[in-house]
Amino acid sequence: MGSTSPLYLQIQQHLLEKINGGDWPAHHQIPPEEQLARDFGVSRMTANKAIRDLVQQGYLIRQPGLGTFVTDRKAESSLVEVHNIAEEVRSRGHGYSNEVLCSEAIEADDEVALRLGVRLGTRVFHTLIVHCENGVPIQLENRYVNPRWVPDYLDTDFTRHTPNEVLVAACPISDIEHVVEAVLVDEATARHLDTDTTRPCLSMIRRTWSGDHLISYARLIHPGERYKLRSSVHRNGS
């Protein structure tokens, strides 16, 4: 095959090219080990190692008695809880990074004043951050914080600590409100998320309280093709 890399890595590269290139979408069944072993002229054990490693990395999932399938690798967040996005990304075994576009104090306009529960023109803190998974943008976080409750917010190095970390440390979250809709974004947002204006995105408006205090209002935009939101409700049977 003209390559000096180990044979199992050559098989992995072939499988990843099919997955990342879109030839094998989520839930597609890949060829069985026996066929891969024949196609690459290797032992079944070598083919098994290639598949096993990709299962561990989250690209594939084995279904006993059915075969091996491509996983849905969209980034995912919960609708009923608030998690640190950096921890979410790392929990999937991926690399987290971000780009801080803005960190400033501004006067609240009509929308921010209404959402944050302050008077028009009140001084509030504003951050605009792109969160990335393995270098790929998955969220544009446009956040406004009431300085009364988190006075040191803008002192944070947001390349080292996410806004969620800062807010939870200062004001433990007691209540959250989420409003989710599908949207088309403007050119600037599309550029930040490495998408285009014709592709639908997920918009989540999130407000968080600590006790009786409304702490933060954020609009979180996710590329629809790379992100999903999840909600789980557990009810006790009667």
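To be clear, the structure that these remarks concern was listed above.
A short tour of the structure in this document, coming up. Predicted, not measured: the structure shown is a model, and the values here were computed from it.

**Some words on the layout of surface pockets**
Okay, so step 1: The calculated volume of the second largest pocket comes to roughly 210 Å³.
Okay, so step 2: Lining the second largest pocket are 13 residues, and of these L140, D186, T189, R219 and I221 sit closest to its centre.
Okay, so step 3: Elements supplying a minimum of two residues to the lining of the second largest pocket: strand 6 (136–145), helix 7 (187–192) and strand 9 (213–223).
Okay, so step 4: Here the lining of the second largest pocket gets 3 residues from one element, more than from any other, and that element is helix 7.

**Here's the deal with a nonpolar patch on the surface**
Okay, so step 1: A cluster of nonpolar residues, V168, I173 and I176, forms a patch on the protein surface that exposes about 190 Å² of accessible area.
Okay, so step 2: Mapping V168 onto the fold places it in helix 6 (residues 163–170).
Okay, so step 3: Judged by relative accessible area, V168 falls into the partly exposed class, the value being 37%.

**Some words on the pattern of salt bridges**
Okay, so step 1: Going through the model one piece at a time under the given rule, you end up with 8 salt bridges.
Okay, so step 2: With its nearest N and O atoms 3.3 Å apart, the salt bridge here joins R219 to E111. In this pair, R219 is assigned in strand 9 and E111 in helix 5 (residues 110–116), connecting sequence segments 108 residues apart.
Okay, so step 3: Look at R219 and you get partly exposed, because its relative accessible area is 24%.
Okay, so step 4: With a closest N to O distance of 3.3 Å, R199 and D196 form a salt bridge.
Okay, so step 5: Of the residues examined, D196 reaches a relative accessible area of 31% and is grouped as partly exposed.
Okay, so step 6: Through salt bridges with shared partners, a single ionic network connects E33, E34, R44 and R62.

**Structural notes on the sheet that holds strand 4 (residues 96–107)**
Okay, so step 1: Spatially, 6 strands are ordered 4-5-6-9-8-7 in an open sheet, and the strand pairing comes out antiparallel. Since the sheet does not close on itself, it has two edges, and those belong to strand 4 and strand 7 (175–183), each with one partner. Taken over all neighbouring pairs, the strand axes of this sheet differ in orientation by 15° on average, direction set aside.

**Quick word on the packing of aromatic side chains**
For any pair of aromatic rings, the description rests on two quantities: the centre-to-centre distance and the angle between the ring planes.
Okay, so step 1: The tally for this structure, following the rule as stated, stands at 3 aromatic pairs.
Okay, so step 2: With centroids separated by 5.6 Å and ring planes inclined at 10°, the aromatic side chains of Y144 and Y217 adopt a geometry described as stacked. A residue pair is termed long-range when its members are at least 10 positions apart, and Y144 in strand 6 and Y217 in strand 9 qualify at 73 residues.
Okay, so step 3: What makes Y144 buried here is its relative accessible area of 12%.
Okay, so step 4: Plain terms: the ring middles of Y153 and F158 are 5.1 Å apart, the flat faces sit at 55° to each other, and that makes the pair tilted.
Okay, so step 5: We classify F158 as buried; its relative accessible area is 3%.
Okay, so step 6: Aromatic ring contacts, followed pair by pair, group F125, Y153 and F158 into a single cluster.
Okay, so step 7: Just above the ring of Y8 sits the side chain of K49; from NZ or CZ to the centre is 4.6 Å.

**Quick notes on the pairing of strand 2 (residues 67–70)**
Okay, so step 1: Pairing of strand 1 (residues 60–63) with strand 2 involves 4 bridges; the strand directions are antiparallel. If you follow I61 over to strand 2, its bridge partner there is F69.
Okay, so step 2: Where strand 1 hands over to strand 2, the hairpin turn is made up of 3 residues, of which G65 adopts a positive phi near 85°.

**Here we look at the side chain of T156**
Okay, so step 1: For T156, the position within the fold is in the loop between strand 6 and helix 6.
Okay, so step 2: A relative accessible area of 18% means that T156 is categorised as buried.
Okay, so step 3: A distance of 2.9 Å separates the side chain of T156 from the backbone oxygen of Y153, its partner in a polar contact.

Parameters and conventions
- Residues numbered from 1 in each chain as written.
- Predicted model: local features only at pLDDT ≥ 70, side-chain atom pairs only at ≥ 80, totals over all residues.
- Heavy atoms only, no water.
- 1 Å grid on protein atoms, 1.4 Å probe; cavity = no way out; pocket = protein on both sides within 12 Å on 5 of 7 lines; lining within 4 Å.
- Points joined across faces, edges and corners; volume = space filled by probe spheres on them.
- Helix = DSSP H or I, 4+ residues; strand = E, 2+ residues; numbered from the N terminus.
- Patch = residues over 30% accessible without salt bridge, like charges linked within 9 Å, V, L, I, M, F, W, Y side chains within 5 Å.
- Areas by Shrake-Rupley, 256 points an atom, 1.4 Å probe, with all protein chains shown as cover.
- Salt bridge = Lys/Arg side-chain N within 4 Å of Asp/Glu carboxyl O.
- Buried < 20%, exposed > 50% of the residue type's maximum accessible area, 1.4 Å probe, protein only.
- Pairing = 2+ DSSP bridges.
- Axes fitted to C-alpha atoms, helices over the stretch in contact; angles between N-to-C directions.
- Phe/Tyr/Trp six-rings, centres within 6.5 Å; stacked < 30°, edge-to-face > 60°.
- Lys NZ or Arg CZ within 6 Å of the ring centre and 35° of its normal.
- Polar contact = N/O pair within 3.5 Å; in protein donor to acceptor, adjacent residues only side chain to side chain.

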